[in-house]
Structure formats: structure tokens, C-alpha cells
Amino acid sequence: MKQESWKKIISITLGLSIFSIEGYLRYFAPQALRKSIEPAQIDKFLHLLAGIFLAMLIERYMKGSSFWRVLGIVFMATVSWKVFEYFLDPAMPRFIAHHLSMWILDTTGDIAATILGGLLYWRIAIHKTVRALEPHGGVPII
């Protein structure tokens, strides 16, 4: 029970931190800071944290999640966020039209960083739980 409470505290803190940073960057940060985030690849760290947060949510609500389930859910959530971001930010369609290759490269890095965060958390925290649930070392739960 003690182990679950620290995970809950960390996931709430992580979620609130990510949403606060995103809100600050989107609505309050100076223009110079906003323009420097992606070229400096600072956003990849936030995507890594978002992947950890997503994996923590998966662990909390889907006990015994396999590697493939975590991978699939984190991937789908990340792509869904990118689609949502496209419709949320009115400058995004224009940016994509003028800088398609840069946008593809950045989006690929964002997705990779988020998946890496989710799978790192799976390996560190969830993997042992899944192994314990497998009958006699059999096929992992999907």
C-alpha cells in the first residue's frame, strides 16, 4: 500500500507540472522563449515526462499491462495529442505548409521521446508486476 501512495503522489505532481508548464509556455511565456523551445529540443524532455505520466496512468487503471499494451496506448495518445495540437493552434497549419520537413522531424522526435518515457517507466516499474502475473513464466498479458 505504501508503494502505491508514492506512485499516486508522483503521478499527480508530474501531471500537474506538465499541464502547468504547457499552460505557461502556451499563454504566458515571452515570445522569445516560445520560439527557442523546439529548436533547442527542450520540449523532448517534457515529452519524456509525459510518456512517464501516461505509463503511470496505464499502470493505475490497467493492472498488469504488457509492453505492447503500454507501447500502443502511449503511441495512440501521443498521435492523438499531435492531432489535437494541430486543431488547437491556428498557426500550426501554416507552419506545416511552409516547413513540412522540419515539422515531420520535430513530430517524430516528440513521439519517440514520449514513447521512450512510457517504456522506461514500464521497464522500471511495471515489468516486475507483469512478470509476477504470468503463469509459470508464460506468455505476457496483452
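Up top is the structure.
In this text, all values refer to a predicted model and were calculated from it rather than measured experimentally.

(A) Summary view of the overall build of the chain. What the chain contains, in helices and strands, is six helices and zero strands. Along the chain, from the amino end to the carboxyl end, the secondary structure elements read α-α-α-α-α-α. Burial status across the chain gives 32% buried among its 142 residues. Within the chain, contacts between residues separated by at least 24 positions form 73% of all contacts whose residues are at least 6 apart in sequence. In the form shown here, the chain has an accessible surface area of approximately 9400 Å², with 73% of it arising from carbon and sulfur atoms.

(B) Fine view of helix α3 (residues 43-61). For α3, with 19 residues, the first-to-last C-alpha span of 27 Å sits near the 27 Å given by 1.5 Å per residue. Those residues of α3 that sit buried are Asp 43, Lys 44, His 47, Leu 49, Gly 51, Phe 53, Ala 55, Met 56, Ile 58 and Glu 59.

Calculation rules
- Residues numbered from 1 in each chain as written.
- Predicted model: local features only at pLDDT ≥ 70, side-chain atom pairs only at ≥ 80, totals over all residues.
- Heavy atoms only, no water.
- Helix = DSSP H or I, 4+ residues; strand = E, 2+ residues; numbered from the N terminus.
- Buried < 20%, exposed > 50% of the residue type's maximum accessible area, 1.4 Å probe, protein only.
- Contact = heavy atoms within 4.5 Å.
- Areas by Shrake-Rupley, 256 points an atom, 1.4 Å probe, with all protein chains shown as cover.
- Expected span 1.5 Å × (residues − 1).

Keep in mind these numbers describe shape, not what the thing actually does.
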